[in-house]
Amino acid sequence: MKPKRMTPKRIANLLDRIGCVRHPCDLDLLLFFYRHPRAFLISERLAVYVGYDLPQVTQSLETLITAGLLQRPKDSTHPARLYVLEPRTALGGWLSLLLRFADTREGRLAVIHVLKQRQSSASSGYKSLDLSRTLDVSPGG
Amino acid sequence: MPEPDLVKTGIKGLDNVLFGGIPRGNIILVAGTAGTGKTTLGVEFVYRGAREFDEPGVIVLFEVAPDKLIRDAALFGWDLRELERDRRLKIVFTTRQVFQQELLQADSVLLAEAAEIGARRLFVDGLVRLGEPNGGEPREAFHLLAEGLHRENLTAMLALESTFADPAARAPEEFVADTILKLSIEPVQRAVLRSLEVVKSRGHEYALGRHSFRIVNGQGLEVYRRVQAPRSLQREVGAAFDATSRVATGIPGLDELVNGGYFVASTTLVVGISGAGKSVMALQYIAEGARRGERSLMITLDEPPAQVLRNAQSIGIDLQSAIDKGLVHLWYEPPQEFEIDRHFAQIEAIVERFKPQRAVIDSLSTYGSSLGATERSFRDFFHAIVALMKEHQITAVYNHENPEMLGMSSMMGEFKVSSLVDNIILMNWVELGDTFRHALTVAKMRAMPTSRTTHECEIVNGQGMKVLTRPLAGALPVVPFASYLGLLSRAPERRASQVAGEAP
């Protein structure tokens, strides 16, 4: 089967359906947990792995946990926390599609591009998406 | 004494080396340099446990991303994702520091995760020399880690990176671990050989020494027990030795020289230069077995099967038909880059599956040139194969090429194994006029009388070899030693007085 073209519009559509992925750090954390679905780490180390500052990583973690995409035991007294990617949420299909697409360099950059454009639109009013960039993505969810 | 509760690794050949498995709860250290197969061994240990022995497991990774591990495992046909879905496996990514701290906690999250799926096995990949958090000894740090694991009664396998720069130096972890498996890659000529050594293992017996192994796509590890490792004595004692039954040689005229045939389960060496008729004799021996409805194994190292079939056809033997009827198993292994442990394991498997009554190995000298004469490898291999054949009551014939063209100053040249064999048949060329003619001497028949007379043979196209019944022309009369001079110089002369006194 021929892969579907992943246009910025489709990426934006996908992000709308998932809802909680708004910052590039949200995406990079999800990608990290996509490769490491059960990670037992201190958040400082996690910040080093994904390459963002600690406050941003903490905020993104809270976003993903609140959205039910990530699990973290609440009452742990340990400095390290166990993070488990929860792929069986209602968002599973859309999330898998996004992660499979963003698991390549080009795919990740395309999603980040859309996220940054959205951030910039949000801060300076409406700005249309650049629809000239298209990428291939495998079908399925 | 109670039998130890052994954890089977499930890895092909390894439990044989470990005499059944590893005592439950042992801390197993897998040491080796990069690329020696530590991760594959550890993952297979957990995979087989979850899949075949209903023992869920946990894999802890520090550097390898779980998705890559899952991808690589799939090459061996191990579906780790399926095990995760079925809650028989958890793969946890963490850091060494967190892992080390964690096992010291009474309420360890990591061990709680393991307990949640009822894990019995743990594999920790990529451990390096541990540092004590408060600046103490690495040995003490490892001891604390081992205690944490022991508390959970997990059988834990820890892959430890090592460089083995100084073979005499021992990592402190090695003193604390219960079982140490050392993996190596050794250069052999221009090839490499993987080996596994059980350096120690508390609480049970195991086969000492370095055993070969391979990493096989679509399967995993295959460990081949060191061929020299002694087998259970009971196996050899179990063989019965029939003092009356004979196995026909298939060579017309030869059975009469060997008292009706070889003893069942005996070892016969046929020695001679290339072209002296050894392979012809071997084919006739196999064909005779097929004619009698006996299963025969022919191991050929020098000639591929198609060539062996053609050779057989040239002397009137339809070997293909015997193969098709399941009476002959022809097994060819080219001798390049021989892995002798693996080769022996393959022969052992064929013998157990095919259950031959006769066997031929053509030729022993090829093993000799691959293994070398100076070390014990050849002798030990031959000893093992002779024992295997005797245990299974197989009457075996081994061809050996002796490089001497006319006459022989030694039967086996530099490969001194003739004391291991029961029968020795020397195949010689005798130069008469301008022709080399075939000659056969039965030099040794254990537990049977033999005349050691040289007999003429001939090989006829379409018919094969036969020993001629007529005596050699000019045979000497049998006279006492006292009639000769220079017996020990190997150039005896009749005393003149004795020759003169003989009747015309």
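Residues numbered from 1 in each chain as written. Chains lettered and ligands numbered in written order. Predicted model: local features only at pLDDT ≥ 70, side-chain atom pairs only at ≥ 80, totals over all residues. Heavy atoms only, no water.

(A) Quick look at the overall build of chain B. Counting its regular elements, chain B contains 17 helices and 24 strands. When each of the 504 residues of chain B is scored for burial, the buried share is 51%. Taking the intrachain contacts of chain B between residues at least 6 apart in sequence as the baseline, contacts between residues at least 24 apart amount to 68%. (Helix = DSSP H or I, 4+ residues; strand = E, 2+ residues; numbered from the N terminus. Buried < 20%, exposed > 50% of the residue type's maximum accessible area, 1.4 Å probe, protein only. Contact = heavy atoms within 4.5 Å.)

(B) Main features of the environment of Leu154 of chain B. Residues and elements named next belong to chain B. Among the secondary structure elements, Leu154 is positioned in the loop between α7 (138-151) and β7 (155-161). In the structure, Leu154 is positioned 112 residues away from Ser266 in sequence and 50 Å away in space, judged by C-alpha atoms. Look past the residues within four positions of Leu154 in its chain and what remains in contact with it is Gly25, Asn26, Leu111, Ala119, Arg120, Arg121, Leu122 and Leu149.

(C) Here's a closer look at the sheet that holds strand β2 (residues 38-41) of chain A. Taking strand neighbours across the sheet as the criterion, the twelve strands line up as β3(A)-β4(A)-β2(A)-β5(B)-β4(B)-β6(B)-β7(B)-β3(B)-β8(B)-β9(B)-β10(B)-β11(B) in an open arrangement whose pairing is mixed. Two strands close off the open sheet at either side, each with one partner strand: β3 (70-71) of chain A together with β11 (220-224) of chain B. As paired strands, strand β6 (residues 121-127) of chain B and β7 of chain B are joined by five bridges and run parallel to one another. Directly across from Val124 of chain B, in β7 of chain B, lies its bridge partner Leu158 of chain B. This element, helix α2 (residues 38-52) of chain B, spans β3 (27-32), β4 (57-61), β5 (89-94), β6, β7, β8 (179-188), β10 (210-216) and β11 of chain B of the sheet and lies at about 165° to β6 of chain B. Here helix α14 (residues 340-354) of chain B sits on the sheet in contact with β10 and β11 of chain B, set at roughly 80° to β10 of chain B. (Pairing = 2+ DSSP bridges. Axes fitted to C-alpha atoms, helices over the stretch in contact; angles between N-to-C directions.)

(D) Molecular detail of the pattern of salt bridges. The final tally for this structure, using the stated rule, is 29 salt bridges over all chains. Ionic pairing is found between Asp103 of chain A and Arg35 of chain A, a salt bridge with its closest N-O pair at 2.9 Å. Taken together, the positions of Asp103 of chain A in the loop between α5 (92-102) and α6 (105-124) and Arg35 of chain A in helix α2 (residues 24-35) put the pair 68 residues apart, joining distant regions of the chain. The salt bridge involving Glu116 of chain B is made with Lys90 of chain B; its shortest N-O contact spans 2.4 Å. A residue pair is termed long-range when its members are at least 10 positions apart, and Glu116 of chain B in helix α6 (residues 109-116) and Lys90 of chain B in strand β5 qualify at 26 residues. Glu116 of chain B gets classed as partly exposed once you look at its relative accessible area, which sits at 48%. Taking relative accessible area as the criterion, Lys90 of chain B reaches 2% and is therefore assigned buried. Put simply, Arg38 of chain A together with Arg87, Lys90, Glu113 and Glu116 of chain B are held in one network by salt bridges that share partners. (Salt bridge = Lys/Arg side-chain N within 4 Å of Asp/Glu carboxyl O.)

(E) Representation of empty space enclosed by the protein within the structure. Residue and element names in this part refer to chain B. Overall, the coordinates contain one cavity of 30 Å³ or more when judged by the stated rule. Empty space within the largest cavity amounts to approximately 40 Å³. Thr249, Ile251, Tyr262, Val270, Met281, Ala282, Tyr285 and Val397 are the residues that line the largest cavity. Sort the elements by how many residues they give to the lining of the largest cavity and helix α11 (residues 278-291) lands first, with three residues. The residue inventory of the lining of the largest cavity, partitioned by class, reads seven nonpolar, one polar and no charged. (1 Å grid on protein atoms, 1.4 Å probe; cavity = no way out; pocket = protein on both sides within 12 Å on 5 of 7 lines; lining within 4 Å. Points joined across faces, edges and corners; volume = space filled by probe spheres on them. Nonpolar A, V, L, I, M, F, W, Y, C, P; charged D, E, K, R; others polar.)

(F) Highlighting the pairing of β2 of chain A. Of the two faces of β2 of chain A, the one lined by Arg38 and Phe40 of chain A and the one lined by Ala39 and Leu41 of chain A are each fully buried. As paired elements, β2 of chain A and strand β4 (residues 81-85) of chain A share four bridges and run antiparallel to each other. In the strand pairing of β4 of chain A, Ala39 of chain A is matched with Tyr83 of chain A. Note: β2 of chain A against β5 of chain B, two bridges, orientation parallel.

(G) Molecular detail of the nonpolar core. Residues Leu27, Leu29, Phe33 and Val111 of chain A together with Leu41, Ile59 and Leu80 of chain B are the most contacted members of the largest nonpolar core, which totals 76 residues. Element by element, the count of residues in this core is highest for α2 of chain A, at seven residues. If we skip the residues at most four places from it in the chain, Val111 of chain A touches Ile11, Leu15, Leu27, Leu98, Phe101 and Ala102 of chain A. By size, the runner-up hydrophobic cluster in this structure holds 39 residues, among which are Val258, Met281, Ile425 and Met445 of chain B. (Core = buried A, V, L, I, M, F, W, Y, C linked by side-chain atoms within 4.5 Å.)

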